[in-house]
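Below are the chains, spelled out letter by letter.
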Amino acid sequence: MSSFRLARSFVVGLALAGLIAGGSSSVQGAPATDDEAVREVVQKYVDAREAKDPKAIEGLFTADADQLVSDGTWRRGRDALVRGMLESSRKNPAKRTIAVESIRFLAPDVALADGRYQQAGRTEAETRAMWTTITLKRTADGWKIAAIRNMLPAMATPAKK
């Protein structure tokens, strides 16, 4: 058997083994219930932020969760996240929304949710349109947020000639 055929057989075997071992929670075909659960956690996060409810916010995160906010501030650990989020909401009382646009399952117990994050101020000038990426981890208590990355859209760079 040629080395090409051997390599191809090996790759096909690995792919089949992954599909068989993955079952219904495989990365390629996560069940709809996982997709719905991830979206529900993101919505609960938005609702808890809007309610400024520290216990509700705390319950959505893993103990070691972290967050990089759009101004470059790192919040590390659930307690720091809750304090920072409440302070941010106090300073900027805008209405927050996240419209999840995609969910990818990186592993059966790890999901990446990407969405448009908006903070609607009293005026259009006070409104901030951002992007957020939320990493979630399945725990014994269900899906929890392990990390959040909030980003301001960058201006497109002109193509070089």
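The following paragraphs examine the structure supplied in this document. (Residues numbered from 1 in each chain as written. Predicted model: local features only at pLDDT ≥ 70, side-chain atom pairs only at ≥ 80, totals over all residues. Heavy atoms only, no water.)

Some remarks on the side chain of Gln119
1) Next: Within the element layout of this structure, Gln119 appears in strand β4 (residues 110–120).
2) Next: At 2.7 Å, the side chain of Gln119 and the side chain of Asn92 are in polar contact.
3) Next: Here Tyr117 takes part through its side chain, which lies 3.1 Å from a polar atom of the side chain of Gln119.
4) Next: Apart from residues lying up to four places away in sequence, Gln119 is in contact with Asn92, Ala94, Lys95, Arg96, Glu126, Thr127, Arg128 and Met130. (Helix = DSSP H or I, 4+ residues; strand = E, 2+ residues; numbered from the N terminus. Polar contact = N/O pair within 3.5 Å; in protein donor to acceptor, adjacent residues only side chain to side chain. Contact = heavy atoms within 4.5 Å.)

Remarks on unusual backbone geometry
1) Next: Of note, Lys52 is a non-glycine position whose phi angle comes to about 55°, a positive value.
2) Next: Checked against the element boundaries, Lys52 lands in the loop between α2 (32–51) and α3 (54–58).

Some words on the pattern of salt bridges
1) Next: Evaluation of the coordinates by the stated rule reveals 8 salt bridges.
2) Next: Residues Asp66 and Arg149 are paired through a salt bridge, measuring 3.1 Å at the closest nitrogen-oxygen approach. Note that Asp66 is positioned in strand β1 (residues 61–68) and Arg149 in strand β6 (residues 142–151), a separation of 83 residues in sequence.
3) Next: For Asp66, a relative accessible area of 15% gives the class buried.
4) Next: Its relative accessible area of 26% is what places Arg149 among the partly exposed residues.
5) Next: Across the salt bridge formed by Asp109 and Arg138, the nearest N and O atoms sit 2.6 Å from each other. Of this pair, Asp109 sits in the loop between β3 (95–107) and β4 while Arg138 is found in strand β5 (residues 128–139), placing the two residues 29 residues apart along the sequence. (Salt bridge = Lys/Arg side-chain N within 4 Å of Asp/Glu carboxyl O. Buried < 20%, exposed > 50% of the residue type's maximum accessible area, 1.4 Å probe, protein only.)

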